[in-house]
Every structure is written in structure tokens, then in C-alpha cells.
Amino acid sequence: MALSIVRFAATTRTAQDAAREIGTEVERIVKSLVFVADGRPLVVLCSGDNRVSVKRLEDLLRAKSVRRATADEAKEKTGFPIGGVPPFAHAQALEVVADNALRRFDAVWAAAGLPDAVFEIAVDDLMRLSGARFAAISAVPGME
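Nothing here was measured: the structure is a model prediction, and the numbers come from that model.

About the criteria used
Residues numbered from 1 in each chain as written. Predicted model: local features only at pLDDT ≥ 70, side-chain atom pairs only at ≥ 80, totals over all residues. Heavy atoms only, no water. Buried < 20%, exposed > 50% of the residue type's maximum accessible area, 1.4 Å probe, protein only. Helix = DSSP H or I, 4+ residues; strand = E, 2+ residues; numbered from the N terminus. Arc of directions from axis to C-beta. Contact = heavy atoms within 4.5 Å. Core = buried A, V, L, I, M, F, W, Y, C linked by side-chain atoms within 4.5 Å. Salt bridge = Lys/Arg side-chain N within 4 Å of Asp/Glu carboxyl O. Patch = residues over 30% accessible without salt bridge, like charges linked within 9 Å, V, L, I, M, F, W, Y side chains within 5 Å. Areas by Shrake-Rupley, 256 points an atom, 1.4 Å probe, with all protein chains shown as cover.

Visitor: Help me out: how do you make sense of helix α2 (residues 54-61) in this one?
Guide: Structurally, the α-helix is built with 3.6 residues per turn, so residues lying three or four positions apart point the same way. Buried within α2 we find L57, E58 and L61. Take α2 and look down its axis: the buried residues cluster within an arc of 100 degrees, on one side only. In this structure, the buried side of α2 is in contact with β2 (29-37), β3 (40-47), β4 (66-68), β5 (95-99) and β8 (133-135). Positive phi appears at R62, one or two residues downstream of α2, with a value of about 55 degrees.

Set out below in C-alpha cells:
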């Protein structure tokens, strides 16, 4: 399977930036977010129109403490800077969790390692290549 990486003159660092440059809806952008759960790094894949619920992530992982990784931690663990973290091919093996909301799409767009590079991928391929498991981890408005 070959992935076609697309680069833009403008940044694709945020989901909104990527959607604008690609010409797609923000919900079709996959955010690859690095978290630390009880000292263990992991990557969370979330649709561009959603936020990750730390409480839901804590419950899923049975963790006492979950927080967003710092920029330095994210770069060290994945090998990529925030805004360019892809959903797979990290510097070290990391647990990957994907929000159930991604199931609503056949294909999505994800970061390709640089803040101006993305690729389109079928959700089934995304799950296979990232080794992710689906879970209900997006925040419910008004419930956080």
C-alpha cells in the first residue's frame, strides 16, 4: 500500500489549517495527540471536530493520571514535532487509541511528519497500520 504525501506552502499544523489547505471538512482530519498516562506515553487519534476527554481516557486506561505530553516529550517519544505527528511510524512503539467518531468515515487525512504535510488514508488502513483500538474517548459537550 502506497501513501501519497501532499505538502502545502501554508501550515497544516492544526486540524483547521489542514482542512483549509486540503479543501475538506475539519472532522475528516485526524489529530494525532500524545498523552502520558501514569508515566506511559501513548498516541490518541481524534477527529478534528472533537476533543479528547481526559476522564474517559483515564477510565479506559485505568490510569490514575493522564495529561497531554509536553512538546519535548511528544518529539522524544514519537520522533515528530507537535503539529506533524503521524498516526504511526513513531520513534518507539506506542499504544495508540482511536476515538469511535472516526468510524463515521471511509477515509481521513493525517499528518505526515511535518507541519505542512498530510496524507489521505482509509480508516481501516489507519487502524491496521497504527495498531490502534477504537474507544469512546471524545469529550461530550457540557459533560466535562
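Visitor: Sorry if this is basic, but what is going on with the environment of R68 here?
Guide: Looking at the element boundaries, R68 is found in strand β4. Look at R68 and you get partly exposed, because its relative accessible area is 47%. Residues R68 and A111 lie 43 residues apart in sequence; the distance between their C-alpha atoms is 18 Å. Those residues within four positions of R68 in sequence are excluded, and the remaining contacts are L33, V34 and F35.

Visitor: I keep staring at the nonpolar core and nothing clicks. Help me out?
Guide: As a rule of thumb, soluble globular proteins bury nonpolar side chains together. Within the largest apolar cluster, 22 residues are counted, with the highest numbers of intra-cluster contacts made by V30, L45, V108 and L126. Among the elements of the structure, β2, β3, β5, β6 (107-111), β7 (117-122) and α4 (123-130) are those that each provide at least two residues to this core. Grouped together as the second largest cluster of nonpolar side chains are 14 residues, L33, C46, V66 and V97 included.

Visitor: Just to check I follow, could you spell out the pattern of salt bridges for this structure?
Guide: When their charged atoms lie close together, side chains carrying opposite charge are able to pair. By the definition in use, this model includes 11 salt bridges. The partner of R20 in a salt bridge is E21, and the shortest N-O contact between them spans 3.4 Å. In this structure, E76 engages K77 in a salt bridge whose closest nitrogen and oxygen atoms are separated by 3.4 Å. Through salt bridges that share partners, D17, R20 and E21 make up one connected network.

Visitor: I tried to follow a nonpolar patch on the surface on my own but got confused; where do I start?
Guide: Where nonpolar side chains cluster on the molecular surface, the patch consists of M1, L3 and L129 and spans about 260 Å² of accessible area. Within the secondary structure, L129 sits in helix α4.

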